[in-house]
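Survey of secondary and tertiary structure
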Amino acid sequence: MFSIVVHGGAGPKRDQESGDAARASCLAAAERGAAILSAGGSALDAVEAAARWLEDDPLFNAGLGAVLNADGEVELDASVMNGETLEAGAVAVVKTVKNPISLARLVMEKSPHVLLVGEGADAFARAQGVPAIAPGSLVTPLQRQRWLERTGATHGTIGAVAVDQRGQVAAATSTGGTAGKLKGRVGDSPLIGAGTVADSRWAAASSTGLGEFIIRVGLARAVLEGVRRGAALNLACEEAIAELKRIGGDGGLIAVTPSGGVGWAFCSERMAGAFVKSTGERGTFFD
Ligand code: GLY
């Protein structure tokens, strides 16, 4: 038994025209993770592989294609959590790394810390042998245009959650944050409990949407707490989103349980995603 769910971000309908492409890429990311799970690999490896796929796709607001901050720069946030050990790693305001999700994993596995930010995170990347990318290489023409026109209220994020054949869960989340954000702004994605959570006793979850609201309700952990209290996964997802909506938030989340259940919920105009289960069930969503 294994399951994986990925999302390509929740947000306004302005990006509706890329729905088919977003759906296809999300399914490809989920299939990539599922291949690892099918071969007996860990949920952690699966969510990292799926997240890297989505970071590398310029359709999504993470890695290549991330939105630009007020100064026209890319500043990336990411986190990962291992539900087996409750170990976690995260980076924020990173500028020189192509795949921040893998740098977050290095923080988890190669440092005594959970969260590194800014120049310190980039310096840690160099110390770990992660090559520096050329300045501006993650900036796509579309995002540059939106920055020049100041048309961005665009937000979004990518994420993956999985349960492996051993019943262990993991979660990964990565983002460029919100368009036009102040330099140094940090959203929910690198914050454990807000953007990402995984505990193999209960669930794993990854959030997307406006971080300023997600942080305040601890969105990912709210799902886990719902499951811990005995709610079915979909109800736990819906209740967490209802709380986000209650305070005026906009976003969504995906989740898995150790028994292979998959769930998602959102209150944005749309959320893109896909899932694959060991039963052969698979599907996409872009509503
Ligand atoms: N959810 C992504 C962010 O607000 O940064």
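Quick summary incoming for the structure in this document. (Residues numbered from 1 in each chain as written. Predicted model: local features only at pLDDT ≥ 70, side-chain atom pairs only at ≥ 80, totals over all residues. Heavy atoms only, no water.)

The geometry of helix α2 (residues 43-56) relative to helix α3 (residues 100-110) is characterised by a closest axis approach of 8 Å and an angle of 150° between their N-to-C directions. Classified by the interaxial angle, the pair formed by α2 and α3 is roughly antiparallel. Contact with α2, carried on its side by L44, D45, E48, A51, R52 and E55, involves P100, I101, S102, R105, M108 and E109 of α3 and no other residues of that element. Per-class residue counts for the contact of α2 with α3 are five nonpolar, one polar and six charged. (Axes fitted to C-alpha atoms, helices over the stretch in contact; angles between N-to-C directions. Helix = DSSP H or I, 4+ residues; strand = E, 2+ residues; numbered from the N terminus. Parallel < 35°, antiparallel > 145°, perpendicular 65-115°, else oblique. Contact = heavy atoms within 4.5 Å. Nonpolar A, V, L, I, M, F, W, Y, C, P; charged D, E, K, R; others polar.)

On to the side chain of E48, then. Relative to the assigned elements, E48 resides in helix α2. For E48, a relative accessible area of 15% gives the class buried. When sequence neighbours within four positions are dropped, the list of residues in contact with E48 reads I101, S102 and R105. (Buried < 20%, exposed > 50% of the residue type's maximum accessible area, 1.4 Å probe, protein only.)

Here we take up the sheet that holds strand β7 (residues 196-199). Strand order in the open sheet formed by four strands is β7-β8-β9-β10, and the pairing between neighbours is antiparallel. Single-partner strands in this sheet number two, and they are β7 and β10 (262-266). Across this sheet, the average inter-strand angle for adjacent strands is 10°, counted without regard to direction. Sitting on the sheet, helix α7 (residues 219-228) touches β7, β8 (203-209) and β9 (251-256), and the angle it makes with β8 is about 145°. (Pairing = 2+ DSSP bridges.)

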